[in-house]
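The lines below spell out each chain.
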Amino acid sequence: MKNLNTLYEGGVKMKKKDKVFVAIVLFLVLVVLPILIICVQPAQGAETFPSKSIRFIIGGVAGDAYDINGRKFAPTLGKKLGVDVLPVNALGPMSVHFFDAVHVATPDGYNLGFGGALHRMYHIIKPGRLKYDVTTLPVVAAINTFPDVVWASSKSKLNLKTANDLLNFKGPIKVNLFSPILVGVCSLAILAKERNLDLRPIIYEGFPEGHVAMLRGDVDIGTTTVSGAPLKYIRAGHYIPLFVWGKERYKELPETPCSRELGLNPDLEDTIQQRVFLLPPGTPSDRVAKLSQGIEAMLTDPEMVRWGKEADQPLFFMTADE
């Protein structure tokens, strides 16, 4: 008859205290260890972020200023983060399409947007266009770049030659709108309310079509960054620069006044010149911080600094708080 204080397993006699020890070990292996593994995995994932390619949503069409900048940033940003950064275009840097693309993306840190700082003036475009508060999109970082220039078409029948001609004009003014929502045009809309201007935005499918309209005189004024085609058309005499948004004149247009000189709304200055890196709402804060570090490292990379100087592209890193 078996002794109740012993147990035979595999021919080995086990005492009562040994049974307790075995039970504890089994409990640790079968119950506690799996829990520890589950708890440790998120921490390990956070430490190794990023571990796969990042989808880089560029707010702009191929060939525009945002696309050129974004595609220049992507390889260097990838090197700093240690993964591939894959550019994807979303129509218009300040368009509903761009904000929607970022808003619906998975908030895991692997979807990063690059567009204009329109989140500061969302109240202009929210009614009927955006179904959510665009300020809920977390800003990872921002950069300062080219200022925007407001120009008049040399073929316009309004004969606008100076900023004061525009600011004092009484009557309808047709505004060239390159995308459904353009930060410069939104700024002009705010200015129009302050100065009682009658602006009539006319939407075109993209920059090429909008420029053709300006060259023909189908629209009176337009606004976008002082780079690429606009600067080329200004120098050729097709566009007449009226003023640039900012605190000082732009060196490529030394005779053109800045908005600060004209006493225009100072709150619009930084909004015009800033480009922001946005994330889907709910992106973990540790991953936001990691991406911010990568963006800062990218902008201070010697190759990127050299490119900025050669392209006359002033790229100044700013934190989300700035």
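The structure we're discussing is the one just above.
Below: a short report on this structure. (Residues numbered from 1 in each chain as written. Predicted model: local features only at pLDDT ≥ 70, side-chain atom pairs only at ≥ 80, totals over all residues. Heavy atoms only, no water.)

### A short note on the overall build of the protein chain
Phase 1 of the analysis: Counting its regular elements, the protein chain contains eleven helices and 13 strands.
Phase 2 of the analysis: For the protein chain, the residues scored as buried account for 48% of the 322 residues in total.
Phase 3 of the analysis: Counted over contacts in the protein chain with a minimum sequence separation of 6, partners at least 24 positions apart contribute 75%. (Helix = DSSP H or I, 4+ residues; strand = E, 2+ residues; numbered from the N terminus. Buried < 20%, exposed > 50% of the residue type's maximum accessible area, 1.4 Å probe, protein only. Contact = heavy atoms within 4.5 Å.)

### Description of the pairing of strand 7 (residues 148-153)
Phase 1 of the analysis: For strand 7, the buried fraction is high: six of the six residues fall into the buried class.
Phase 2 of the analysis: The two faces of strand 7 match: D148, V150 and A152 on one face and V149, W151 and S153 on the other face are all buried.
Phase 3 of the analysis: Pairing between strand 7 and strand 10 (residues 221-225): five bridges, direction antiparallel. Counted as the bridge partner of A152 is I221 from strand 10.
Phase 4 of the analysis: As defined by bridge partners, strand 7 adjoins strand 11 (residues 239-244) across five bridges and the pair is classed as antiparallel. (Pairing = 2+ DSSP bridges.)

### Looking at the pattern of salt bridges
A pair can form between side chains of opposite charge whenever their charged atoms are brought close.
Phase 1 of the analysis: Overall, the coordinates contain six salt bridges when judged by the stated rule.
Phase 2 of the analysis: Ionic pairing is found between K80 and D301, a salt bridge with its closest N-O pair at 3.0 Å. With K80 in helix 2 (residues 65-81) and D301 in the loop between helix 10 (285-299) and helix 11 (302-310), this residue pair connects regions lying 221 residues apart in the sequence.
Phase 3 of the analysis: Assessed through its relative accessible area of 39%, K80 is described here as partly exposed. (Salt bridge = Lys/Arg side-chain N within 4 Å of Asp/Glu carboxyl O.)

### Some words on the environment of D198
Phase 1 of the analysis: With respect to the element layout, D198 can be found in strand 9 (residues 198-203).
Phase 2 of the analysis: For the pair formed by D198 and F169, sequence separation is 29 residues and the distance between their alpha carbons is 8.7 Å.
Phase 3 of the analysis: Not counting chain neighbours up to four residues away, the residues in contact with D198 comprise G171, P172 and I173.
Phase 4 of the analysis: Within polar-contact distance, the side chain of D198 engages the side chain of R200 at 2.8 Å. (Polar contact = N/O pair within 3.5 Å; in protein donor to acceptor, adjacent residues only side chain to side chain.)

### A word on the nonpolar core
Across soluble globular proteins, you tend to see nonpolar side chains buried next to one another.
Phase 1 of the analysis: F56, F73, F277 and I295 are the most contacted members of the largest nonpolar core, which totals 28 residues.
Phase 2 of the analysis: Those elements giving two or more residues to this core turn out to be strand 3 (54-59), helix 2, strand 5 (111-116), strand 6 (139-144), helix 10 and helix 11.
Phase 3 of the analysis: Apart from the residues lying within four places of it in its own chain, the contact partners of F73 are F56, F114, I143, F277, M298, L299, M304, W307 and L315.
Phase 4 of the analysis: Judged by nonpolar contacts, the second largest core, of 23 residues, contains L191, L199, F243 and L268. (Core = buried A, V, L, I, M, F, W, Y, C linked by side-chain atoms within 4.5 Å.)

### A closer look at the environment of G210
Phase 1 of the analysis: With respect to the helices and strands, the residue G210 is situated in helix 7 (residues 207-216).
Phase 2 of the analysis: When the C-alpha positions of G210 and N176 are compared, they lie 6.4 Å apart, and in sequence the two are 34 residues distant.

### Observations concerning the packing of helix 2 against helix 10
Phase 1 of the analysis: Direction vectors running N to C along helix 2 and helix 10 enclose 120°, while the axes themselves pass 8 Å from each other. Taken together, the axes of helix 2 and helix 10 lie oblique to each other. As for how helix 2 packs across helix 10, the hand of that crossing is right-handed. Every residue of helix 10 that contacts helix 2 at F73, T76, L77, K80 and L81 is listed here: K290, L291, G294, I295, A297, M298 and L299.
Phase 2 of the analysis: Of the residues in the contact of helix 2 with helix 10, the class split is eight nonpolar, two polar and two charged. (Axes fitted to C-alpha atoms, helices over the stretch in contact; angles between N-to-C directions. Parallel < 35°, antiparallel > 145°, perpendicular 65-115°, else oblique. Left-handed = near helix turned anticlockwise from the far one by under 90°. Nonpolar A, V, L, I, M, F, W, Y, C, P; charged D, E, K, R; others polar.)

### A look at the packing of aromatic side chains
Phase 1 of the analysis: All chains considered together, the criterion is met by eleven aromatic pairs.
Phase 2 of the analysis: With a centroid separation of 6.1 Å and an interplanar angle of 35°, the aromatic rings of F56 and F114 are classed as tilted. One end of the pair, F56, is in strand 3; the other, F114, is in strand 5, with 58 residues separating them in the sequence. Pair check on accessibility: F56 and F114 agree, each one buried.
Phase 3 of the analysis: Both rings, one in F56 and one in F277, keep their centres 6.3 Å apart while their planes meet at 10°; by these two values the pair is stacked. Linking F56 in strand 3 with F277 in strand 12 (residues 274-278), this pair joins segments that are 221 residues apart in sequence. Taken as a pair, F56 and F277 share a single burial class, namely buried.
Phase 4 of the analysis: Members of the aromatic cluster, each reached through a chain of ring pairs, are F56, Y66, F73, F114 and F277. (Phe/Tyr/Trp six-rings, centres within 6.5 Å; stacked < 30°, edge-to-face > 60°.)

### Things to note about helix 11
Phase 1 of the analysis: Taken residue by residue, helix 11 has M304, W307 and G308 as its buried positions. Down the axis of helix 11, the smallest arc covering the buried residues is 100°, so these residues share one side. In helix 11, the exposed positions angled more than 90 degrees off the buried face are occupied by P302, K309 and E310.
Phase 2 of the analysis: The residue sitting at the N-terminus of helix 11 and contributing the capping side-chain oxygen is D301; that oxygen lies 3.0 Å from the backbone nitrogen of E303. (Arc of directions from axis to C-beta.)

Distances and angles like these do not, on their own, reveal function.
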